[in-house]
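Each chain, letter by letter, is given below.
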Amino acid sequence: MIVAVALIVALVVTLALTFGRFARSDTWRATVTPLASIIGSGFLICGPLLAREFGSAALGAMAVLLAIAYAAGAVIRFNIVHVEPYLARAGFNDPVAWLARLTQGVLALAYAVSVAYYLKLLAEFSLKPIAIAPALQPLAANIIVTVLIVLMTLLALGGSLRKVEHLAHGTVSLKIGIIAGLLVALALAWGIGGMQAALPPARLSFASVPMLLGLLITVQGFETSRYLGHAYPAALRVRTMRHAQWISSAIYLAFIALLTPFLSRAAATQGVAGILDIMELIAPALGVFVLIGAVASQLSAAVADSIGSGGLINEVSRRKISVPLAFLLAGALAIVIVWLTDPFEVVALSSRAFALFYALQCVLALIVSIRNGVGTAAQRIGFGAIGLVCLVAAAVGAPAEG
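Residues numbered from 1 in each chain as written. Predicted model: local features only at pLDDT ≥ 70, side-chain atom pairs only at ≥ 80, totals over all residues. Heavy atoms only, no water.

Describing the overall build of the protein chain
Right, so step 1: The secondary structure content of the protein chain amounts to 16 helices and 0 strands.
Right, so step 2: For 402 residues, the compact-globule estimate of 2.2 N^0.38 gives 21 Å, and the C-alpha radius of gyration of the protein chain, at 21 Å, lies within 12% of that figure.
Right, so step 3: Its C-alpha atoms give the protein chain principal-axis dimensions of roughly 65 × 50 × 45 Å.
Right, so step 4: Residue pairs in contact within the protein chain that sit at least 24 positions apart in sequence constitute 84% of those at least 6 positions apart.
Right, so step 5: For the protein chain, the computed accessible surface area is about 16300 Å², with 72% contributed by carbon and sulfur atoms.
Right, so step 6: Between the mean site of the 24 positive side-chain charges and the mean site of the 14 negative ones, the protein chain shows a separation of 10 Å. (Helix = DSSP H or I, 4+ residues; strand = E, 2+ residues; numbered from the N terminus. Rg over C-alpha atoms; globule rule 2.2 N^0.38 Å. Contact = heavy atoms within 4.5 Å. Areas by Shrake-Rupley, 256 points an atom, 1.4 Å probe, with all protein chains shown as cover. Lys, Arg positive; Asp, Glu negative; His and termini not counted. Charge placed at Lys NZ, Arg CZ, Asp CG, Glu CD.)

Overview of helix α12 (residues 275-282)
Right, so step 1: When α12 is considered as a whole, its buried residues turn out to be I275, L276, I278, M279 and I282. With its buried residues spanning 160° around the axis, α12 presents them on a single face. (Buried < 20%, exposed > 50% of the residue type's maximum accessible area, 1.4 Å probe, protein only. Arc of directions from axis to C-beta.)

What to know about the environment of G310
Right, so step 1: Tracing the backbone shows G310 in helix α13 (residues 284-316).
Right, so step 2: Considering only alpha carbons, one finds G310 and L364, 54 residues apart in sequence, at a separation of 23 Å.

Topic: helix α6 (residues 137-157)
Right, so step 1: In this model, α6 (21 residues) spans 30 Å end to end at C-alpha, consistent with the 30 Å of a helix rising 1.5 Å per residue.
Right, so step 2: Among the residues of α6, those classed as buried are Q137, A140, A141, N142, V145, T146, I149, M152, T153 and A156. (Expected span 1.5 Å × (residues − 1).)

Some thoughts on the packing of aromatic side chains
Right, so step 1: For the structure shown, the criterion picks out 6 aromatic pairs.
Right, so step 2: Consider the rings of Y117 and Y118, whose centres lie 5.0 Å apart with planes at 50°: the pair is tilted.
Right, so step 3: On the basis of relative accessible area, Y118 is assigned to the buried category, the value being 4%.
Right, so step 4: Where F354 meets Y358, the ring centres are 6.5 Å apart and the plane angle is 35°; that geometry is what we call tilted. Here F354 and its partner Y358 are both found in helix α15 (residues 343-372), 4 residues apart, which amounts to about one turn of the helix. Each member of the pair, F354 as well as Y358, is classed as buried.
Right, so step 5: A connected cluster of aromatic rings, assembled from ring pairs, spans Y111, F222, F354, F357 and Y358. (Phe/Tyr/Trp six-rings, centres within 6.5 Å; stacked < 30°, edge-to-face > 60°.)

Regarding the pattern of salt bridges
Right, so step 1: Within the structure shown, the criterion is met by 4 salt bridges.
Right, so step 2: Notably, a salt bridge pairs R371 with D94, separated by 3.5 Å at the nearest N-O pair. Highlighted residues: R371 in helix α15 and D94 in the loop between α4 (58-89) and α5 (95-127), separated in sequence by 277 residues.
Right, so step 3: Residue R371 is classed as partly exposed on the basis of its relative accessible area of 45%.
Right, so step 4: Salt-bridge contacts for K128 lead to D277; the nearest nitrogen and oxygen are separated by 3.4 Å. With K128 in the loop between α5 and α6 and D277 in helix α12, this pair connects stretches of sequence that are 149 residues apart. (Salt bridge = Lys/Arg side-chain N within 4 Å of Asp/Glu carboxyl O.)

Concerning the side chain of Q245
Right, so step 1: Tracing the sequence through the fold places Q245 in helix α10 (residues 234-258).
Right, so step 2: The exposure class of Q245 is buried, given its relative accessible area of 4%.
Right, so step 3: Among the polar contacts made by the side chain of Q245, one reaches the side chain of R77 at a distance of 2.8 Å.
Right, so step 4: Sequence-distant contacts of Q245, defined by excluding residues within four places in its chain, comprise I38, A69, Y70, G73, R77 and F222. (Polar contact = N/O pair within 3.5 Å; in protein donor to acceptor, adjacent residues only side chain to side chain.)

Thoughts on the packing of α5 against α6
Right, so step 1: The contact between α5 and α6 brings their axes to 9 Å, and the two run at 130°. Between α5 and α6, the angle is such that the two are oblique. Judged by the twist between their axes, the crossing of α5 over α6 is right-handed. Residue-level inspection shows V115, L119, K120, L122, A123, E124 and L127 of α5 in contact with α6, the latter providing Q137, A140, A141, N142, I144, V145, L148, I149 and M152.
Right, so step 2: Among the residues making up the contact of α5 with α6, the classes are represented as 12 nonpolar, 2 polar and 2 charged. (Axes fitted to C-alpha atoms, helices over the stretch in contact; angles between N-to-C directions. Parallel < 35°, antiparallel > 145°, perpendicular 65-115°, else oblique. Left-handed = near helix turned anticlockwise from the far one by under 90°. Nonpolar A, V, L, I, M, F, W, Y, C, P; charged D, E, K, R; others polar.)

Some words on the side chain of K120
Right, so step 1: In this structure, K120 sits in helix α5.
Right, so step 2: Put simply, K120 is tucked away with no salt bridge, and the nearest opposite charge, on E124, sits 6.5 Å away.
Right, so step 3: Polar side-chain contacts of K120 include one of 2.5 Å to the backbone oxygen of V338.
Right, so step 4: For K120, the residues in contact, after removing those within four places along its chain, are N142, V145, V338, T341, D342, P343 and V346.

Quick look at the environment of Y70
Right, so step 1: Mapped onto the elements of the fold, Y70 is located in helix α4.
Right, so step 2: Y70 sits 175 residues away from Q245 along the chain, and the two C-alpha atoms are 6.8 Å apart.
Right, so step 3: Excluding residues within four positions of it along the chain, Y70 makes contact with R77, R242, Q245 and W246.
Right, so step 4: Of note is the side chain of Y70, whose polar atom sits 3.1 Å from the side chain of W246.

Side note on the packing of helix α8 (residues 172-193) against α13
Right, so step 1: Remark: α8 packs on α13, axes separated minimally by 10 Å, with the N-to-C direction vectors making an angle of 145°. When the axes of α8 and α13 are compared, the crossing they make is left-handed. Contacts between α8 and α13 involve K175, I178, G181, L182 and A185 from the former and L286, F289, V290, I292, G293, A296, S297 and S300 from the latter.

Some words on a nonpolar patch on the surface
Right, so step 1: Together, L136, L139, I143, V147, V150, L151, L154, L157, L325, L328, L329 and W339 make up a nonpolar patch on the protein surface, roughly 1000 Å² of accessible area in all.
Right, so step 2: Take the nonpolar patch: its biggest share by element is 7 residues, from α6.
Right, so step 3: With respect to the secondary-structure elements, L139 resides in helix α6.
Right, so step 4: Judged by relative accessible area, which is 41%, L139 ranks as partly exposed. (Patch = residues over 30% accessible without salt bridge, like charges linked within 9 Å, V, L, I, M, F, W, Y side chains within 5 Å.)

Now the structure itself:
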């Protein structure tokens, strides 16, 4: 019954988001781009990782992580309104323009790292149901990811990666539908079966802070609104980014709360694909459900970030690095990261890269606020505080333990 209801909910939500009248509006389109980025991979890995690291305090840890992300989002929204117009008027040698280019360079590197992150997760989820010797699984995952990166790079060089991206965008409604189905499945399992085991003890210490900051990548993605200026006006991007963060926060908190009866099992799972074990515990068919969502979300996110990384490298170099060479550099960096990190390390590395980007965005916001006399004193203090948190995350964000 649980599987049937989950499938029906997933189908209804997918159809509504695909064919509903609001689905064709600019408001929804501008909302769904950051929303899909935020809830894609993070939704799949955050539950077991937080249960493992924080025990019964997982919900509180998720709330703190979301609060940090929302504060960083507020900085990005300020920059959409105030920094974008400033940069449009600034000369090439303006120090703020140089800082903005540095920020874009950091984002290009962050995107390249995140390609490795997304595809590493894709390989982990794909291999988990397969009977393969544990000692060989990391090697098999790295080979799969390397082949995928090479194929994506070749598609980019041939001009076909954009077509793949448009196809991948069509999976957004499916991803959100699957998430809705999973939430309903968890709620039904709790209602029917009650608590599966005693809650694990809450684990809170200063040592937990680097691990929590190392999961920042799981709630990242809202910054995509900053770079949709070619398609949507500033006011719409500000409003829809806020909506995307509200919706994703509600989904994350609901997911961790509904996972409560299974926290002990979640804390005992191995690897980053532990959510598969939880869903198969509820109903074996739900594992396939999760696997479809995992593959769709990781592949679409990797394609989007690959295009973003290559495009930014080309732009930051003022076209001195050609688009083909930019894609080759981004692909090469992603492959190096794949072979030098394990799944937990690549999560933390991605988090640190984006944390540095957010810290630089805070610096931009603070400088323009002072120069142009916009914003309040409280906002400027906030920019400094958020920037400091992001710098700490960039410096000490640590891998979750396997």
